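Here is how the chains run, residue by residue.
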Amino acid sequence: MTSTLLKLIALVSMFIDHTGQFIPDTPEYFRWIGRLAIPIFIYCVVLGYKHTPNRKKYMLRLYFSGVAMAFINLGINIAYSQTGVIITNNFFATLFVIVLVIYLLDKRQVKLYAYFILWQLISTILCVLFSEIIVINFQADHLFYGAILGNIFFVEGGIFFVLLGILLYLSRSKVGITIVYIIFHLIIFTAYAKWGVVKDGIINHLFPFSDYQWMMISALPLLLLYNGKKGTGLKYFFYFFYPIHIIILFLIGIKSPLKSFGVAGPLIQYK
């Protein structure tokens, strides 16, 4: 199975997932199917980082895609603020942070590690301060500023998805991928069972997903079927499809009765 085919499977899964997120009264199993998407996209961005001839350009493309998506979300949230529905979907930002951390690991320079940790501390404080000061008027939240500042905590899925990307990068064989992937999901399952039901303060940012997030483990067979080939690519198709399909589904969703919409769309990160 080529990386292109993997991305197409993830894309279909993501579309079904976001249909369940934005369109009222859709079956919950739409969200279950959607659990395939994230680990595949993370795996593919790790592959992309490994094989790209220009890693800095690759990181910049992901960063500016995340920033663009953040402003798209902001614009929609302002334009449709009367609906009470807020878009926070921006997985470009998560993929950028994953690649950035991997890049720093490859450099193996203590100075760069120190700069990164210092920036994460500073940007975390800034994200909290800015979101508390400006969110009321401009519908900008922690994830908006997290995408701009490259913060490891305030991205879609939080630090756990970044950790998954790092583990997949460090796994040099299919056996290694299988072991770390299963352990990772056991940790997710256990952690959510213990703390995930608490949706206040830091816990909300550490576990910004639903109790069925462990279903991501179903993507493991697909990752193991990767044959080392790129396929046809379709690189920019994925970059454009992501914001376009979210905008369309959001607009369809808000046309439905808001009483049916519930909390599936507002104020979620990756539920």
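What this report covers is the structure whose coordinates are included nearby.

### Some thoughts on the packing of helix H4 (residues 55-79) against helix H12 (residues 235-254)
- Axis separation between H4 and H12 bottoms out at 12 Å; the angle between their running directions is 15°. Relative to H12, the element H4 is oriented roughly parallel. The handedness of the crossing between H4 and H12 is right-handed. Between H4 and H12, the contacting residues are Tyr-58, Arg-61, Leu-62, Ser-65, Met-69, Ile-72 and Ile-76 on the first element and Lys-235, Tyr-236, Tyr-239, Tyr-242, Pro-243, Ile-246, Ile-247 and Phe-250 on the second.
- Considering only residue class, the contact of H4 with H12 consists of twelve nonpolar, one polar and two charged.

### Quick word on the packing of aromatic side chains
- A full pass over the atoms with the stated rule returns 18 aromatic pairs.
- Cluster of aromatic residues (ring-pair linked, three or more members): Phe-15, Phe-237, Phe-238 and Phe-241.
- When the ring centre of Tyr-169 is taken as origin, the NZ or CZ atom of Arg-172, which lies over that ring, is 5.1 Å away.

### Focus on the packing of helix H5 (residues 91-107) against helix H8 (residues 158-170)
- It is at 9 Å that the axes of H5 and H8 come closest, and there the two elements cross at 45°. By the criterion of interaxial angle, the relationship of H5 to H8 is oblique. Pair H5 / H8 crosses with right-handed handedness. Two secondary-structure elements touch here, H5 through Phe-91, Thr-94, Val-97, Ile-98, Val-101, Ile-102, Leu-105 and Asp-106 and H8 through Phe-161, Val-162, Gly-165, Ile-166 and Tyr-169.
- The class makeup of the residues in the contact of H5 with H8 is ten nonpolar, two polar and one charged.

### Considerations on the side chain of His-185
- For His-185, the location among the structural elements is in helix H9 (residues 174-196).
- Among the polar contacts made by the side chain of His-185, one reaches the main-chain carbonyl oxygen of Tyr-181 at a distance of 2.7 Å.
- Residue contacts for His-185: discarding those within four places in its chain leaves Gln-213, Trp-214, Met-216 and Ile-217.

### Some words on helix H7 (residues 142-149)
- The buried count for H7 comes to seven of eight residues, which makes it a mostly enclosed element.
- Listed as buried for H7 are His-142, Leu-143, Phe-144, Tyr-145, Gly-146, Ala-147 and Leu-149.
- Taken from the residues just after H7, Gly-150 is the one with a positive phi, measuring 65°.

### Quick look at the pattern of salt bridges
- With the rule as written, the count across this model stands at three salt bridges.
- Notably, a salt bridge pairs Asp-17 with Arg-35, separated by 2.7 Å at the nearest N-O pair. Of the two residues, Asp-17 is situated in helix H1 (residues 3-22) and Arg-35 in the loop between helix H2 (29-33) and helix H3 (37-51); the sequence distance between them amounts to 18 residues.
- Look at Arg-35 and you get buried, because its relative accessible area is 0%.
- Of the charged contacts in the structure, one is a salt bridge between Asp-106 and Arg-55, with a shortest N-O distance of 3.3 Å. One end of the pair, Asp-106, is in helix H5; the other, Arg-55, is in helix H4, with 51 residues separating them in the sequence.
- Classification of Asp-106 as partly exposed rests on a relative accessible area of 31%.
- One connected set of salt bridges, linked through shared partners, spans Asp-17, Arg-31 and Arg-35.

### Observations regarding the environment of Glu-156
- Checked against the element boundaries, Glu-156 lands in the loop between H7 and H8.
- Owing to a relative accessible area of 2%, Glu-156 belongs among the buried residues under this scheme.
- For the pair formed by Glu-156 and Thr-88, sequence separation is 68 residues and the distance between their alpha carbons is 7.8 Å.

### With respect to unusual backbone geometry
- Positive phi, close to 65°, is recorded for Asp-25, a residue that is not glycine.
- Here Asp-25 lies in the loop between H1 and H2.
- On the basis of relative accessible area, Asp-25 is assigned to the exposed category, the value being 67%.

### Quick look at the nonpolar core
- Within the largest apolar cluster, 76 residues are counted, with the highest numbers of intra-cluster contacts made by Ile-40, Ile-42, Tyr-43, Leu-62, Val-162 and Tyr-181.
- Of the residues forming this core, the biggest block, 13 residues, is contributed by H5.
- Once residues within four sequence positions are removed from consideration, Tyr-43 is found in contact with Leu-6, Leu-168, Ile-177, Leu-223 and Tyr-226.

### Focus: H4
- Over its 25 residues, H4 runs 36 Å from end to end, which matches the ideal 36 Å to within 8%, given 1.5 Å per residue.
- At the N-terminal end of H4, a side-chain oxygen is found 3.4 Å from the backbone nitrogen of Lys-56, two or three residues along, and the residue is Asn-54.

### Side note on a nonpolar patch on the surface
- A contiguous nonpolar surface patch, about 450 Å² in accessible area, is contributed by Ile-182, Leu-186, Phe-189, Trp-214 and Ile-217.
- Mapping Ile-217 onto the fold places it in the loop between helix H10 (201-206) and helix H11 (220-224).

Calculation notes
Residues numbered from 1 in each chain as written. Predicted model: local features only at pLDDT ≥ 70, side-chain atom pairs only at ≥ 80, totals over all residues. Heavy atoms only, no water. Axes fitted to C-alpha atoms, helices over the stretch in contact; angles between N-to-C directions. Helix = DSSP H or I, 4+ residues; strand = E, 2+ residues; numbered from the N terminus. Parallel < 35°, antiparallel > 145°, perpendicular 65-115°, else oblique. Left-handed = near helix turned anticlockwise from the far one by under 90°. Contact = heavy atoms within 4.5 Å. Nonpolar A, V, L, I, M, F, W, Y, C, P; charged D, E, K, R; others polar. Phe/Tyr/Trp six-rings, centres within 6.5 Å; stacked < 30°, edge-to-face > 60°. Lys NZ or Arg CZ within 6 Å of the ring centre and 35° of its normal. Polar contact = N/O pair within 3.5 Å; in protein donor to acceptor, adjacent residues only side chain to side chain. Buried < 20%, exposed > 50% of the residue type's maximum accessible area, 1.4 Å probe, protein only. Salt bridge = Lys/Arg side-chain N within 4 Å of Asp/Glu carboxyl O. Core = buried A, V, L, I, M, F, W, Y, C linked by side-chain atoms within 4.5 Å. Expected span 1.5 Å × (residues − 1). Patch = residues over 30% accessible without salt bridge, like charges linked within 9 Å, V, L, I, M, F, W, Y side chains within 5 Å. Areas by Shrake-Rupley, 256 points an atom, 1.4 Å probe, with all protein chains shown as cover.

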